[in-house]
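# An overview of the molecular structure
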Amino acid sequence: MAIQFTLNGKAQTVDVNPGMPLLWVLRDTLGMTGTKFGCGMALCGACTVQIGGLATRSCVTPIASVAGKQVTTIEGLSADESHPVQKAWMEIDVPQCGYCQSGQIMSAAALLAKNPQPSDAEIDSAMKGNICRCGTYQRIRQAIHRAAQMQNSVSGAANIDSKSNAEQESAVVVGGAK
Amino acid sequence: MNVNRRGFLKTVAGASAGLVIGFYLPGRFETLAAAEASTALNAWIRVGTDESVTIVIDKSEMGQGILTALCMLAAEELECDWKSIRTEFAPAAEIYYNPAFRSQGTGGSSSVRSSWEPMRKTGAAAREMLLEAAANKWGVDKSTCKAENGAILHPETNRRLTYGSLAESASGLPVPQNVPLKDPKDFHTIGKPTKRLDTAVKVNGRAEFGIDVRRPGMVYAVVERCPVFGGKVASFDATKAKKVPGVKNVVEISNGVAVVADNTWTAMQGRRALEIQWDEGPNANLNSEDIHTLFAKRTTVPGVVARKDGDAAAALAGAAQKIEAVYEAPYLSHAPLEPQNCTADVRADYCEIWAPTQMQTMSQALAAKITGFPIEKIKLHTTYLGGGFGRRGSDFVGEAVEISKAIGAPVKLTWSREDDLQHDFYRPASYAKFAAGLDADGWPIAWTTSIACSSVSNGFTPGSVKNGMDRTSVEGCADISYSIPNFFVDYQMTEPGIPVGFWRSVGNSQNGFFSESFMDEIAAAGKKDPYELRRRLLANSPRLLAVLDLAAEKAGWGTPLPPGRFRGIATLYAFGSYAAEVAEISVDRSARTVKVHHVVCAFDCGHVVNPATIEAQMQSGIVWGLTMALHSAITIDRGRVVQTNFHNYPILRIDEMPVVEVHVVPSQEKPTGAGEPGVPPITPALCNAIFAATGKRIRRLPIRPEDLA
């Protein structure tokens, strides 16, 4: 069955079993392996993408339910690691093994889009669905605060940017599809 | 490390233009290897005509930061431009053998230890060749030239040649031997907090983990394994599985039945439709309670002596006060976030493998056995590892090779989380009986421990097991540093049938908890402050005493805490390094919960290569240990693992993360381990703090709500 959706700002059509989770469509059908498989039960957050700007576990999201929606993956967050969350992640040197980090970053970007200045408690609450087996949590907290700072200090410029980009006008996701 | 006279450097013919250099190191790594000299190449450097410097990484990067550390070691002597560095993972080959293991592999917190000299020597030799190439070109004496930031300079005449422009001429020169290494006081890179070189690819999704490998014509597989350890396929019916659209093949392999499909999800759907009759074998009725009973029984009879100082039995009999306790720890799974996986392509006369493995040679050897090819026909590529922790050996590699061989196509095998938790090589469950005798003043004069657990080494390094003694089963107890005149530890190797393996910090993970909790019991029985007691008993262990003092000082040991807050302390020597940790906690006894607010860690691992990595590894080890203390247990019912996924095998999450403060002792001693030693002290520090809060001693992990009531 052909299913159409918007993937990282571009129209995408896939012809797969409608019950196939978005995770496997991304990874196996489309070859976009930045989104990771960790548990298959929405317990670890490694597969987090944004659908309509909301952090969503792609491992339990049937592709049929994505029809017509805006999907952003780690590959689409920015073309050049320029999203404030990615910049902060690099400045703080968050990752260790790195396997969970696509999911962490997608969750953090969704949080900051909704709450530009989260407290530690709000960070913990938004990020507790994402397991990091290496234990980078302390730096994740630090990097989210840093990303909030970066995002807020350039928000004026970012707004001008997004207005100049017709594709982004309808995008809910901050710093999303390009 | 001793580099003996047979160590030599040589240039190696490379495919790309420029200087290629390798360093061959015969010999062994004192504290780890059992046998005598073997020849191993520890590093490669390639200087490209495009000014790039490629460092070939011969260790598995699983988050511990070794990729960056190896580059720092080479760059310190090479004097290249840090920004010019590229990295690639070494193929599996004998020249990359880790002298710690006499095979290619990463583990035992051995990487910096085993590369500390070889990587610097590699860099120094390459630098000398570039110096000589420039001197020859200019017709000047080499001693008047200097290497700096990716170029050779001739200050007298103000001339400069870049490494890229010298690479080809340098590659024809003889490789200098025994180039003196820099005085550490002149280090510009080693010892400076340095950002990881693999961060960008880990924030943009481009880092290629094993599970991300894609090959032309590749198909996808999952394997259904017997849920009972030691069981096997009796018969199976693939009719329904083959009817699932997209399923291409169903084949039996030695570990079970593989379903091959167009994509991973379809393979999983096909697997659900399989009908398999299992021969469950001898463990079909095994459960955790039986294992506990078996271990307990085994500690009632004398075991193999692991340590004997003085006469502990006599001293115990004559002691003014005697205390006894039994400690227990469960099986634990590694649960790296990237499930096991491997991509294999078995052709007519060679086999190519892409795997997130810590054990390249072992994987190659298994593939050679399966295919019948000689080992040099097994081309193994190591990818990034989504966590390792001792889990990633060769079992999943063998499965992928068997499937590819059977179907004649490249295949990616992926394990589900359930597969991963239920078919691991577990941290052994352990049972330990302790007794201590105190003198009239409350100081310990006798200590005895009897340990029963499975042997990890039996399965992985059988040569290291001598007369029933596996040192990894008793480490963290038999080798503790306290001065107690009568000290006795024995061991009963006991094999109930559950596969066990190396789990971050190995025997120290459970024995460190046992010993350091029991030391706290001795302090309480003798009415001593737990820190002051340890201080006195560590008078002859200056480096351990120093980290203990540092942790206590930074945590404000002995100073008042806010109401409801309590501290616990613990320390351990492991992997050549010294760690002490203080946990500050509160317990809500009505809710039966504990919160860890703050952890102070003091650490001495000798000369630090990258302080940023050390800090991250200590935080990481503490999270690992807290997960073990608060959450994890693998239990067995009817020969099967009960736990299936992260809902019943929980991992510490961000809302439980304490503030962790790491203090590293400056040192010029040789580097020692860093990946594992941060783990053991946190569990006893936490449980000792809970004792301070509640008066209840926790002797069995994980901590249960009733322990906190």
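Residues numbered from 1 in each chain as written. Chains lettered and ligands numbered in written order. Predicted model: local features only at pLDDT ≥ 70, side-chain atom pairs only at ≥ 80, totals over all residues.

## A word on helix H2 (residues 111-138) of chain B
Think of an α-helix as turning once every 3.6 residues; residues three or four places apart then point the same way. Residue and element names in this part refer to chain B. For H2, spanning 28 residues, the distance from its first C-alpha to its last is 40 Å, which sits close to the expected 40 Å at 1.5 Å a residue. Of all the bends in H2, the greatest, near 35°, is centred on glutamate 117, and the proline proline 118 appears no more than four residues after it. Extensive coverage of H2 is indicated by the burial of 23 of its 28 residues. (Helix = DSSP H or I, 4+ residues; strand = E, 2+ residues; numbered from the N terminus. Expected span 1.5 Å × (residues − 1). Bend = angle between axes of the 7 residues up to and from the residue. Buried ≥ 20, exposed ≤ 12 C-beta atoms within 10 Å, placed from the backbone.)

## Quick notes on helix H5 (residues 120-127) of chain A
Residues and elements named next belong to chain A. For H5, the set of buried residues is Ile123, Ala126 and Met127. Seen from one end, H5 has its buried residues packed into an arc of 85°, which puts them on one side. Residues of H5 that are buried sit in contact with helix H4 (101-114) and helix H6 (137-153). (Arc of directions from axis to C-beta. Contact = placed C-beta atoms within 7 Å.)

## Some details on the interface of chain B and chain A
Taken together, the contacts link 47 residues of chain B with 43 residues of chain A. When residues of the side of chain B that touches chain A are traced back to their parent elements, those giving at least two are helix H4 (200-203), helix H6 (264-272) and helix H17 (611-630) of chain B. Top contributing element to the side of chain B that touches chain A by residue count: H17 of chain B, with six residues. Taken together, the residues that form the side of chain B that touches chain A break down as 23 nonpolar, 13 polar and eleven charged. (Nonpolar A, V, L, I, M, F, W, Y, C, P; charged D, E, K, R; others polar.)

## A look at the sheet that holds strand S8 (residues 159-162) of chain B
All names here are of chain B. Spatially, the three strands line up as an open sheet ordered S6-S7-S8, and their pairing is antiparallel. One side of each edge strand has no neighbouring strand; the edge strands of this open sheet are strand S6 (146-148) and S8. Averaged over neighbouring strand pairs, the angle between their axes works out to 30° when direction is ignored. Packed on one face of the sheet, H2 meets S6, strand S7 (151-154) and S8 and runs near 45° to S7. (Pairing = 2+ DSSP bridges. Axes fitted to C-alpha atoms, helices over the stretch in contact; angles between N-to-C directions.)

## Details of the nonpolar core
All names here are of chain B. Of all hydrophobic cores here, the largest spans 225 residues; its most connected members are Leu70, Leu130, Val547, Ala551, Cys601, Leu686 and Ile690. Looking at which element gives the most residues to this core, the answer is H2, with eleven residues. Ala221, Met362, Leu366 and Ala400 belong to the second-largest nonpolar core, a separate cluster that totals 39 residues. (Core = buried A, V, L, I, M, F, W, Y, C linked by C-beta atoms within 7 Å.)

## Some words on the domain arrangement of chain A
Many analyses report the size of an interface as the accessible area lost when the parts associate. All names here are of chain A. When its domains are assigned, chain A resolves into domain 1 (2-73) and domain 2 (84-163). Placing a centre on the C-alpha atoms of domain 1 and another on those of domain 2 gives a separation of 21 Å. Each partner contributes residues to the interface: domain 1 has 13 residues there, and domain 2 has eleven residues. Among the elements that take part in the side of domain 1 that touches domain 2, strand S3 (residues 48-51) stands out by supplying three residues, more than any other. Split into classes, the residues belonging to the side of domain 1 that touches domain 2 amount to six nonpolar, six polar and one charged. (Domains from an automatic or database assignment.)

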